[in-house]
Structure formats: C-alpha cells, structure tokens
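For reference, the chains in residue letters:
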Amino acid sequence: MTLAQAVDARLRKGIGRGEFFAVIWPSRGQEAVAAGVGAALRRDDRLVTTYRGIHDLVGKGVPLTEILGEIMGKSIGASRGKGGTMHITAPEQGVALTTGIVGAGVPVAVGLALAAKQQGSDRVTAVCFGDGATNTGSFHEGMNLASTWQLPVVFVCQNNLWAEMTPIGDTMNIDQVVDRRLAYAMPGERVDGNDPEAVHRAVTAAVERGRSGGGPTFIEAVTFRFEGHYFGDQQKYLPAEELAAAKEADPIPRYRQKLLDSGALSADELTAIDEDATAQVEAALAEVLAAPAPDLAELDQDVFVNMEGIPS
Ligand SMILES: Cc1ncc(C[n+]2csc(CCOP(=O)(O)OP(=O)(O)O)c2C)c(N)n1
C-alpha cells in the first residue's frame, strides 16, 4: 500500500512541477485493493488491469524501474517504453496487460484462464476494472463464458463510485455492482475496498476456488479515487462533502492506525516502511530519468508476433 502510494505521489509531484512528462490516471485512495489482490496471487498467476492500475502493478511485484520507465517512455520500461501507461506488460510477474479500453481486459483475462485450463495448469487469472466497466458488453460476455466454462478467473471490480465525471447512480439501476454476478450464477461478495485484510481474505478464497477447479468469483471492492479521473482533473463535478467523507476512510492512515492499535507494528517501524518506500521510488526514478528513450531502429520490434510454429 505504502509503496503504491509513494509511486503515485512521486509521479504527481514530478509531472506537476515539470520535472518529467508522463500521463497518468491516479490510483490514490485505491491502494488497499491492490495490496489485497497482489498478496493473494502467486507470481505466476496472471493479472490484467487498466490505465488506473499502477497500484495493481506495484502489488503484483513489477519492478519500479519497469513501471516508471514505461510510463515515461524509456527503453527500460516493461514494454520497452513503447506502450505507456495504457499498454504495460510484465510477463515475469504475470502481468498480461493494462488497457485503456474500458471493459476490454475482461475477455482477455477469460482467455488467459481458458489457456491455463487447457494447459492443465493451476494458474489463476485476476482482472481488475472499474464500476463503469461493468456496463460494457465485453464485461458481460466475459462473465458469461467464465461461468459457463467454469474458468479460474477472479473478477475484481474496484468500485470507486465514479466513471470519468459520471457518478455510478447515473449509469446503473442496481444498489450493488456485486449483484451483476447473479445473472451468471457466480459466487462473490462485496467488501470494504479500503480494508486490505478484507480484500485479501476475499481474493484468497476466490483464488483457492479457481485453483481447485471451482470456477470464477466476482468481488466488488468499494473504494474511492481521491485525485480525479486523470492527473490535473479539477473534479469540479465532485461534491466537496463527498470527497471529504471519502478521505475520512483513506485506507493508508486507517490501516496505519490499526497496525499501531493492535501492536503489530510500532510508529518507528511504520515510519521506516514509509522511508523505505520513498527511497525505493527515488532510486528507481533516478535510474529511469537517466535511461534512454527506445532506439528508433526498434520501432517495429515487439509489436507483432509471428505465430508460425507456436502450438495452438
Ligand atoms: C470502451 C470505452 N468506452 C469509453 C471510454 C472512455 N473512458 C475512459 S475511462 C472511462 C470511465 C471508466 O470508469 P470505470 O470503469 O469506473 O473505471 P475508473 O476510471 O473509475 O477506474 C471512460 C468511459 C474508453 N476508454 N473505452
């Protein structure tokens, strides 16, 4: 959680003061979901997420140089600097892709899970998306096939209550996104997405179900995005009281307090974790800023795979 927050904060600071150029959709506020999902997955389990998924990549263990490098178009980026925030792939950590097409990650995740099943692998695929994505056809098509074929997919809706500048109540006539699973006879639950332990518990159970052949699960993690849709979004459409109330439930100070109250960690230990996160981000950033842009000669490399000879 802390590391994801540090990455987001440093990116916003650097872009804001013109230190570097990057386009981001801030994940501040949603870190507990990423931490709970990432900690519940095995390294070889697959993850598909969105443009807002930088926190998810951190949670899955993608090296910071690869994340920051890709966002800044550098050759050391996960996609060699040619994909940007919306096209990050990190196969060694099981990250199949981030996507800017709302809902499009869902059928990709279903395909990855189908491949695992056909290969006899016990790999599970988790897919993160927003509440708005659950209004798309691709979401429903993916849910239907995952259920029909009982595929090992964990659907994680990071419900931050807004889709761009539109509140959730303007686009769906249901009280809870989790109810959408009922149309596909899929098990699932709605959890507090600002509680990393609640997310972790739910995703762990879902992963076990998928791994043991029990099929897909749908999890709705209710959270909030504090910084608007994109970096620079003034959020004039967002009622100030709603933002203030959401910040009351900020997962980072809340979990810090919980760890202190339970005696799990001391204030000094928590401060050391914060300092370590900041140091990791600064070290990665220095490396990224010093790295070159991709060479023009490799412009058309890694953009096409010849499938000849690859078994279907
Ligand atoms: C298929 C498609 N339709 C519309 C858009 C434009 N668009 C970009 S983000 C967004 C809102 C998505 O909201 P949600 O799924 O809740 O995710 P969040 O941004 O809140 O994380 C929209 C409509 C798009 N990128 N792709």
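What this report covers is the structure whose coordinates are included nearby. Just so you know, these numbers come straight off a predicted model, no measurement behind them.

1. Some points on the pairing of strand S3 (residues 125-130)
Looking down a regular strand, the side chains alternate between one sheet face and the other. By the criterion of burial, S3 is predominantly enclosed, with five of the six residues buried. In this structure, strand S1 (residues 46-50) lies alongside S3, joined through three bridges in parallel fashion. For Leu 47, the partnering residue across the bridge sits in S3 and is Ala 126. Bridge count between S3 and strand S4 (residues 153-159): six bridges; the pairing is parallel. Pairing of Gly 130 across the sheet is with Gln 158, part of S4. Handedness of the S3-helix H6 (residues 137-148)-S4 crossover: right-handed.

2. Details of the site of the ligand
Taken together, 14 residues lie near the ligand, and Tyr 51, Arg 52, Gly 100, Gly 132 and Ala 133 sit nearest. Interatomic distance of 2.9 Å between a backbone N/O atom of Ala 133 and an oxygen atom of the ligand. For the ligand, whose accessible area on its own is 590 Å², the fraction buried by protein is 71%. A breakdown of the residues in the shell around the ligand according to their chemical character gives six nonpolar, five polar and three charged.

3. Quick look at helix H9 (residues 251-262)
In this model, H9 (twelve residues) spans 16 Å end to end at C-alpha, consistent with the 16 Å of a helix rising 1.5 Å per residue. Regarding H9, the residues found buried are Pro 251, Ile 252, Tyr 255 and Leu 259. Each buried residue of H9 lies within a common arc of 95° when the element is viewed along its axis, so the set occupies one face. Lining the buried residues of H9 we find helix H1 (2-16), helix H2 (31-40), helix H7 (196-211) and helix H10 (267-290). Structurally, the start of H9 carries an N-cap: the backbone nitrogen of Ile 252 is 3.0 Å from a side-chain oxygen of Asp 250. Of the residues trailing H9, Gly 263 is marked for its positive phi of about 80°.

Conventions adopted
Residues numbered from 1 in each chain as written. Predicted model: local features only at pLDDT ≥ 70, side-chain atom pairs only at ≥ 80, totals over all residues. Heavy atoms only, no water. Buried < 20%, exposed > 50% of the residue type's maximum accessible area, 1.4 Å probe, protein only. Helix = DSSP H or I, 4+ residues; strand = E, 2+ residues; numbered from the N terminus. Pairing = 2+ DSSP bridges. Right-handed = clockwise from strand over helix to strand, strands pointing away. Near = heavy atom within 4 Å. Polar contact = N/O pair within 3.5 Å; in protein donor to acceptor, adjacent residues only side chain to side chain. Areas by Shrake-Rupley, 256 points an atom, 1.4 Å probe, with all protein chains shown as cover. Nonpolar A, V, L, I, M, F, W, Y, C, P; charged D, E, K, R; others polar. Expected span 1.5 Å × (residues − 1). Arc of directions from axis to C-beta. Contact = heavy atoms within 4.5 Å.

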